[in-house]
Amino acid sequence: MDEKNSIDEKLILEMLDERKFKELKEILMTMHPVDIVDVLEELNKKQAILIFRLLEKEEAAEVFTDMDSDTREHLINALTDSELEEVMDQMYLDDTVDVLEEMPANVVNRLLKVTDEDTRKKINLLLQYPEDSAGSIMNVEYVSLRKDMTVADAILKIRQVGINKETIYTCYVTEKRHLVGAVDVKDLLTAGENRLIEEIMDENVMYAMTLDDQEMVATCIKKYGLVAMPILDYENCLVGIVTVDDAMYVLQDETTEDISIMAGVTPNEESYFGTSVFKHAKGRVVWLMFLMLSATISGEILAHFESAMAAMPVLITFIPMLMGTSGNSGSQSSTIVIRGLSVGEIEFKDFFKVIFKEIRIAFICGVLLAAANGIRIYIMYGHDIMLAIALGITMIAIITMAKCIGCTLPLLAKKLGADPALMAAPLISTIMDTCTILMYFTIVTAFFHL
């Protein structure tokens, strides 16, 4: 795929230089819009604008939707109002709203100026919904049928209006705008022409409300394998649909956000190269500062056990190993639980079940690591069996503690309405460093009567 794209780009550049626009247009017609976007983002602004103006209207709208915000903004500034109007007319409404949300105010005003009044009203309505709600990502362009229609009437209507709809696979049956059922095109094509929609429609339709969380809606679409999910307003009227492609984008964004939080980075919707160095630093330094200051607690605990370390200096050599092991153990558990929460495998009601399972896992891991470490200590530290036993007990204890903390914190965060991803590697490691040092010196001071 990469090789093909590079060949296309080279060929396109040659045709641009030789001004073979007719042949270039024919090549562009054979390319997928996503591949065209990849090529445009590698060209300079002047070349990208020339290529874009060669595209057919429908293809241009798809390319415009898929490109990144920086390239799109440069393109908008270069296109005339009439060219922009043609592109906007071909775009689906939910894609238009997504574009507007990413653009600065002056660009938004220009885009709205080239849309008709009816479209502007629909756009403004969608922009009023909360950012993470189902209403903000829904598409108001769907096929609506009446239950007293015949199959022949329904197919005729789909032919008439379907070209302007994002999906026609599932059609929705409404009565005074209230959702009463749904019917798939497959059922329409395989049913007799004179049968009524009421006879073949499915009355048990899964739906969501406009203010429902978009991630919840996307998860439902994925879980039940839906092509689209109808969205109802507070009056239970059908106002739009969320399609599977929108659901994929939502899940991708949510996953990106979770990964950022788990890495101790403030989430950012812009691309890596599209974000300035200062903004990258700003998004990371807050977490780094918090974690650095939190680590000072570990230093205070070490100072408290200074006399024990003076009496038995060898204890200091095991601190990095124990802290690393506990941090890794806690991060393993928190990552597994966060993943389980995000895909719906784990819920808060499973709290004690998760803890019980992690304790058993911790015991097995702890015993194996304690045995391996005990043999190492016995060989390297003058056959000191007491030291090996003390470190073995500590190892089992800190792994058990780490896995319990690692699995419970994301569950508690979920219960309190916070993002479970907050309880990931950086925070867990910092907490475990403090707890490990405290537990380690508590055990060894008691074991050796220091």
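Residues numbered from 1 in each chain as written. Predicted model: local features only at pLDDT ≥ 70, side-chain atom pairs only at ≥ 80, totals over all residues. Heavy atoms only, no water.

## Points about the nonpolar core
Then step 1. Counting 57 residues, the largest nonpolar core has Leu28, Phe52 and Leu111 as its most contacted members.
Then step 2. Counting residues per element, this core draws most heavily on helix 4 (residues 45-54), which supplies 5 residues.
Then step 3. When residues no more than four places from it in sequence are discounted, the contact partners of Leu111 are Ile76, Leu84, Met88, Val99, Leu100 and Met103.
Then step 4. Membership of the second largest hydrophobic core comes to 27 residues, among which are Ile319, Ala388, Met432 and Tyr440. (Core = buried A, V, L, I, M, F, W, Y, C linked by side-chain atoms within 4.5 Å. Buried < 20%, exposed > 50% of the residue type's maximum accessible area, 1.4 Å probe, protein only. Helix = DSSP H or I, 4+ residues; strand = E, 2+ residues; numbered from the N terminus. Contact = heavy atoms within 4.5 Å.)

## Remarks on the pairing of strand 6 (residues 238-243)
Then step 1. Burial of strand 6 is extensive: 6 of the 6 residues sit out of reach of the surface.
Then step 2. Where strand 5 (residues 228-232) meets strand 6, 5 bridges bridge the pair, whose relative direction is antiparallel. Note on strand 6: the bridge partner recorded for Pro230 is Ile241. (Pairing = 2+ DSSP bridges.)

## Considerations on the side chain of Ser331
Then step 1. For Ser331, the location among the structural elements is in helix 19 (residues 319-342).
Then step 2. A polar side-chain atom of Ser331 sits 2.8 Å from the main-chain carbonyl oxygen of Gly327. (Polar contact = N/O pair within 3.5 Å; in protein donor to acceptor, adjacent residues only side chain to side chain.)

## Quick word on the confidence of the model for the protein chain
Any residue range with low pLDDT should be treated as having predicted coordinates unsuitable for detailed reading.
Then step 1. Residues of the protein chain with pLDDT of at least 70 account for 92%, and the chain-wide mean is 83.
Then step 2. Segment residues 1-6 is flagged for pLDDT under 50; beyond a separation of four residues in sequence, or across chains, it makes 3 contacts in the model. (pLDDT = per-residue confidence, 0-100.)

## So, the pattern of salt bridges
Then step 1. Under the definition given, this model contains 7 salt bridges.
Then step 2. One salt bridge in this structure joins Arg146 and Asp148, with 3.1 Å as the shortest N-O distance.
Then step 3. By relative accessible area, Arg146 is classed as partly exposed at 45%.
Then step 4. With a closest N to O distance of 2.8 Å, Arg339 and Glu345 form a salt bridge.
Then step 5. Of the residues examined, Arg339 reaches a relative accessible area of 46% and is grouped as partly exposed.
Then step 6. By relative accessible area, Glu345 is classed as exposed at 54%. (Salt bridge = Lys/Arg side-chain N within 4 Å of Asp/Glu carboxyl O.)

## Things to note about the state of the cysteines
Then step 1. Applying the stated criterion across every chain, the model contains 0 disulfides.
Then step 2. Sulfur of Cys237: no disulfide; nearest cysteine sulfur belongs to Cys171 and is 19 Å away.
Then step 3. Judged by its relative accessible area of 6%, Cys237 is buried.
Then step 4. Distance from the sulfur of Cys435, which forms no disulfide, to the nearest cysteine sulfur (Cys404) is 12 Å.
Then step 5. Relative accessible area serves as the criterion here: at 23%, Cys435 is assigned to the partly exposed category. (Disulfide = S-S within 2.5 Å.)

## A closer look at the sheet that holds strand 2 (residues 170-175)
Then step 1. The mixed open sheet is built from 3 strands, whose spatial order is 1-2-3. Looking at which strands have only one partner, the edges of the open sheet turn out to be strand 1 (144-145) and strand 3 (178-184).

## So, the environment of Glu14
Then step 1. Relative to the helices and strands, Glu14 resides in helix 1 (residues 2-17).
Then step 2. Separated by 140 residues in sequence, Glu14 and Ala154 place their C-alpha atoms 50 Å apart.

## Looking at the packing of helix 7 (residues 81-90) against helix 9 (residues 105-113)
Two numbers describe a pair of packed helices, the interaxial angle and the distance between the axes.
Then step 1. With their axes 9 Å apart at the nearest point, helix 7 and helix 9 run at an angle of 75° to one another. Comparing their axes, helix 9 and helix 7 come out roughly perpendicular. Taken together, the residues of helix 9 that come into contact with helix 7 (itself represented by Asp81, Leu84 and Met88) are Arg110, Leu111 and Lys113.
Then step 2. Residue composition of the contact of helix 7 with helix 9, by class: 3 nonpolar, no polar and 3 charged. (Axes fitted to C-alpha atoms, helices over the stretch in contact; angles between N-to-C directions. Parallel < 35°, antiparallel > 145°, perpendicular 65-115°, else oblique. Nonpolar A, V, L, I, M, F, W, Y, C, P; charged D, E, K, R; others polar.)

## Points about the sheet that holds strand 6
Then step 1. Here we have 3 strands laid out as an open sheet, ordered 4-5-6, and mixed in their pairing. Of all the strands in the sheet, the pair left with one neighbour each is strand 4 (208-209) and strand 6.
Then step 2. Summarising the sheet, strand 4 and strand 5 pair through 2 bridges and their orientation is parallel. Bridge pairing in strand 5 places Met209 opposite Leu232.

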